[in-house]
Amino acid sequence: MDIATLRATHPDHWAQACAIRLLTLDAVAAANSGHSGMPMGMADVATVLFGRHLSFDATAPDWPNRDRFILSAGHGSMLLYSLLYLTGHADMTLDQVKNFRQWGAITAGHPEYGHAKGIETTTGPLGQGIANAVGFAMAEESLRAHWGAKVVDHYTWVIAGDGCLMEGVSQEAIGLAGKQKLSRLIVLWDNNGITIDGKVSIADVTDQMARFAASGWDVFECDGHDPADIDRALAAAKASPGPALVACKTHIALGSSAQDTSKGHGALTDARLIADTRAAYGVNWGPFEIPAEVKAAWEAVGLRGRGTREAWDARFAALPEGKRAEFNRILSGAAPAKLARIIRDLKKSASETAPKVATRRASELVLEAVNPVMTETFGGSADLTGSNNTRTPDLGVFEPGNRKGRYMYYGIREHGMAAAMNGLALHGGIRPYGGTFMCFTDYARPAMRLSALMGIPVVYVMTHDSIGLGEDGPTHQPVEHLAISRATPNTWVFRPADLVETAEAWELALTSKSTPSVLALSRQNLPTVRKTHVKENMVARGGYVLAEADGKRQAILMATGSEVEIALKARDLLQADGIGTRVVSMPCWELFEEQDQAWRKKVLPAGPVRVAIEAGIRFGWDRWLFGEGGKREKSGFVGMHGFGASAPADRLYKEFGITAEATAAKVRALLG
């Protein structure tokens, strides 16, 4: 539908959609940066979605049963900010819109979770939003099965662009959604045929509608500038039995001289262009000026769902007090009161029985104790369930015929799994964890980074954490991956040495409110090194003294995970020579760094030589070797200096010199 016809036949809709378009033009011009074209092109679709279909109440933006709206095409952030301001969200003021992309404003260049109510997830890296949305829809299905439709019953809506659909993670996501028949998931595709470099056709020939249909989706299309046609397609999508794609044929930068061009994708800041576009729209509003009647119409949209929300409040209030308290607990992210006792009992038993198990098996033992009590956990694996040890017998499999299942077979989709887990966590009421090999954090990295950026406590169970995995060789042996994970801000990287440390790491991961965790776990069996039970969670200290020196302390050995055993054996060799040696276990550098100076100095006092042992690269260890009172000339590292090889684990450790004997020799050399 062309502008003249749209203005003539749908004048009220046109005015509301123009409010989005002009706020976008004005904000991008004021910032002298941004992306104007997508909000201008999708304004009609967004106006119909918010005005007729999206269930929300702008006065209660945290209402648990609201529909979720995800702007996967996050570069078009002014679409979302305009909608939040126009519908009356209290924190999205006109001043915030005017300060688009400025320091301290909640209107960041791309939507950032936590900056404003109504921003359900951080988007901008293309494909992440649509992949997060799969997790949101899974969470809705799971919670509806557990709590009933009177408590949980809503849709997840996504606006995605050509860029989102070109990213490989989109196929992982839509494949998962199609397999799972996520009927409450609806993707609105901004089908404008334009990317930054030019027409989509210069880089892609994919028939997107056929691709979605082949992946198990119901597919619809509409004229993205015809309100009646948009309404028809959205209604059909809601009624469809599977996840739905609505291909909305639109014009990027509608009505401007940049319409249908790659220029229209970016920042339209030229004053003449903006004036001409205003004229094409038939409005004479000044910059950031929205007529009172248009703002009032939008605010009525923001209140349209109040009755539905109040009815939900009444139903929820009628639930037994215990059910209400439990629902509120899982939404808040608080752990059940029993968790601390379960972990404490498991630690005590492990210290007494001293099992020799791989830490991946230790993780499974923790989950077997925790999952029956912490019913909000939701596990999974990227086709490595038997290797990651992530499924416990009580969970049941999440699938179309069993929405009460709490275990997901993600298939070989590490990136899709990680992004879906972000959505599960963001929805609320779910504690997701998922596994793959540590080496394949490479595939999951973009979503893991966003877990940290958003501050959501997703748990990444990464097994086969070193050359200790053996014969699969260097393609599967992670040597740099600990360093990569540790380099990511707001991420806890746990590398436990035994069942006791693994239990403590899980306790921290499951009680975190704002930090994701990476559990780096061994394939090979490891002895229990914590044989004396203490109630305190020592992993929460990050690093601590595991074995003290006998006699004068001359050396400190620092190690993580499977190399703690080596450190203890090296200590025995050194002590036999009269060299007093302390062993420090450092399962979580990030938490050790957070300790006060007194604790760090107590664990790593100045004076003794220091040697770190870890079957990974040295990167990062120098902070602890010759920082914190250490000296460069009195420090050494035993570990990897390149990639691994294919051989049994014991032979690899010997060939790469990661042994107790090599460690003891390093200490002797440093002592002179």
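Quick caveat: nothing in here was measured; it's all calculated off a predicted structure. (Residues numbered from 1 in each chain as written. Predicted model: local features only at pLDDT ≥ 70, side-chain atom pairs only at ≥ 80, totals over all residues. Heavy atoms only, no water.)

Taken together, 5 strands build an open sheet; the order of strands is 16-18-17-19-20 and the sheet is mixed. Each edge of the open sheet is held by one strand with a lone partner, namely strand 16 (544-547) and strand 20 (635-639). When strand polarity is set aside, the average angle formed by the axes of neighbouring strands in this sheet is 30°. Sheet topology note: the strand 19 (residues 609-614)/strand 20 ladder contains 5 bridges and is parallel. Bridge assignment links Val-611 to a residue of strand 20, and that residue is Gly-636. (Pairing = 2+ DSSP bridges. Helix = DSSP H or I, 4+ residues; strand = E, 2+ residues; numbered from the N terminus. Axes fitted to C-alpha atoms, helices over the stretch in contact; angles between N-to-C directions.)

On to the pattern of salt bridges. Under the defined criterion, the tally for this structure stands at 39 salt bridges. Here Arg-361 and Glu-364 are joined by a salt bridge, their closest N and O atoms 2.8 Å apart. Remark: Glu-364 and Arg-361 occur in helix 16 (residues 359-370); sequence separation between them is 3 residues, near one turn of the helix. (Salt bridge = Lys/Arg side-chain N within 4 Å of Asp/Glu carboxyl O.)

With that out of the way, let us pick up the environment of Glu-172. As for its placement among the helices and strands, Glu-172 is situated in helix 8 (residues 168-180). Sequence-wise, Glu-172 and Arg-651 are 479 residues apart; in three dimensions their C-alpha atoms are separated by 38 Å. The residues touching Glu-172, leaving out its near neighbours within four places in the chain, are Arg-413, Glu-414, His-415 and Gly-416. A polar atom in the side chain of Glu-172 sits 2.6 Å from the backbone nitrogen of Gly-416. (Contact = heavy atoms within 4.5 Å. Polar contact = N/O pair within 3.5 Å; in protein donor to acceptor, adjacent residues only side chain to side chain.)

Time to look at the side chain of Arg-445. Relative to the helices and strands, Arg-445 is located in helix 19 (residues 441-454). Filtering out sequence-adjacent residues up to four positions away, Arg-445 remains in contact with Ile-484, Ser-485 and Thr-488.

Phe-50, Phe-69, Trp-157, Leu-188, Val-246 and Trp-298 are the most contacted members of the largest nonpolar core, which totals 72 residues. Those residues in contact with Val-246 that lie beyond four places of it in its chain are Ile-186, Val-187, Leu-188, Trp-189, Phe-220, Cys-222, Ala-233, Leu-234 and Ala-237. Judged by nonpolar contacts, the second largest core, of 65 residues, contains Leu-143, Trp-217, Met-448 and Ala-520. (Core = buried A, V, L, I, M, F, W, Y, C linked by side-chain atoms within 4.5 Å. Buried < 20%, exposed > 50% of the residue type's maximum accessible area, 1.4 Å probe, protein only.)

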